[in-house]
Amino acid sequence: QVQLVESGGGLVQAGGSLRLSCAASGRTFIRSTMGWFRQAPGEEREFVAAITWPGGRTAYADSVKGRFTISRDNAKNTVYLQMSSLKPGDTAVYYCALDSSIGVLTTTLSRYDYWGQGTQVTVSS
């Protein structure tokens, strides 16, 4: 069974930075694509970023390109989301997710097999 545990959320002023972490348990992390999604109040969950195993390919939502960076430390079974130049519109609960398909870089929510509990990010203006 895979467990994903996010951390690093919090309150930050517009223009600031945060780094989210997602620690994965279980061998499924190996060869899996990892993704970050977010959900604002009253909105649907949306794709933010994804990274394949072992980290050669990445994808980003247009809204975060150039501001967010996804990375992974495979020795630590951890994926990160470095967020910079944050805007109030980035306020949401951020979720880490795992797609056990090998080598597939997907932005589709339904393709992800496992999800974390989420971490709140609030950006004040």
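These numbers were taken from a predicted model, which means no experiment stands behind them. Numbering of residues begins from 1 in every chain and follows the order in which that chain's sequence is written. Only residues with pLDDT of 70 or above have their local features reported here, since the model is predicted, and side-chain atom pairs are shown and tallied only from 80 upward, although totals for entire chains, interfaces and linings are computed over all residues. Based on all heavy atoms of the structure, the side-chain values leave hydrogens and waters out of the count.

A. Representation of the side chain of Ser21 in the model. Of note, Ser21 is situated in strand 3 (residues 18-25). The criterion used for residue contact is that any of the two residues' heavy atoms lie within 4.5 Å. Non-local contacts of Ser21, meaning those with residues more than four positions away in its chain, are made with Val5, Glu6, Ser7, Trp36, Thr78, Val79 and Tyr80. Strands here mean DSSP runs of E at least two residues long; helices mean DSSP runs of H or I at least four residues long; both are numbered from the N terminus.

B. Examining the state of the cysteines more closely. We call a pair of cysteine sulfur atoms a disulfide whenever their separation is within 2.5 Å. A complete count under the given rule lists 1 disulfide for this structure. Between the sulfur atoms of Cys22 and its disulfide partner Cys96 the distance amounts to 2.1 Å. Judged by the sign of its S-S torsion, about -75°, the cystine formed by Cys22 and Cys96 is left-handed. With Cys22 in strand 3 and Cys96 in strand 9 (residues 92-99), this residue pair connects regions lying 74 residues apart in the sequence. One exposure class covers both Cys22 and Cys96, and it is buried. In this scheme, a residue with accessible area under 20% of its type's maximum is buried, one over 50% is exposed, and one in between is partly exposed, where area comes from a 1.4 Å probe on protein chains only.

C. Just the environment of Phe29, in detail. When you line up the elements, Phe29 lands in the loop between strand 3 and strand 4 (33-39). Classification of Phe29 by relative accessible area gives buried; the value is 0%. With 45 residues separating them along the chain, Phe29 and Asn74 place their C-alpha atoms 8.0 Å apart. The residues touching Phe29, leaving out its near neighbours within four places in the chain, are Ala24, Met34, Trp53, Arg72, Asp73, Asn74, Asn77, Thr78 and Leu98.

D. Inspection of the pattern of salt bridges at higher detail. Salt bridge, as used here, is a side-chain nitrogen of Lys or Arg placed within 4 Å of a carboxyl oxygen of Asp or Glu. This model, assessed by the stated rule, comprises 4 salt bridges. Two residues, Lys65 and Asp62, come together in a salt bridge whose shortest N-O distance is 3.2 Å. One salt bridge in this structure joins Arg67 and Asp90, with 2.8 Å as the shortest N-O distance. You can see Arg67 sitting in the loop between strand 6 (58-60) and strand 7 (68-73) and its partner Asp90 sitting in the loop between strand 8 (78-83) and strand 9, a full 23 residues away along the chain. Judged by relative accessible area, Arg67 falls into the buried class, the value being 12%. Each of Arg38, Glu46, Arg67 and Asp90 takes part in salt bridges that share partners, so that together they form one network.

E. Region of interest: the sheet that holds strand 8. Two strands pair under a simple rule: DSSP has to find at least two bridges between them. Taken in spatial order, the 4 strands of this open sheet run 1-3-8-7, and their pairing is antiparallel. Each of the sheet's edge strands pairs with one partner strand only, and the pair in question is strand 1 (3-7) and strand 7. Neighbour to neighbour, the strand axes of the sheet diverge by 15° on average, direction disregarded. Sheet topology note: the strand 1/strand 3 ladder contains 5 bridges and is antiparallel. Bridge assignment links Val5 to a residue of strand 3, and that residue is Ala23. In this analysis an axis means a line fitted to C-alpha atoms, helices contributing only their contacting stretch, and an angle means the value between N-to-C directions, from 0 to 180 degrees.

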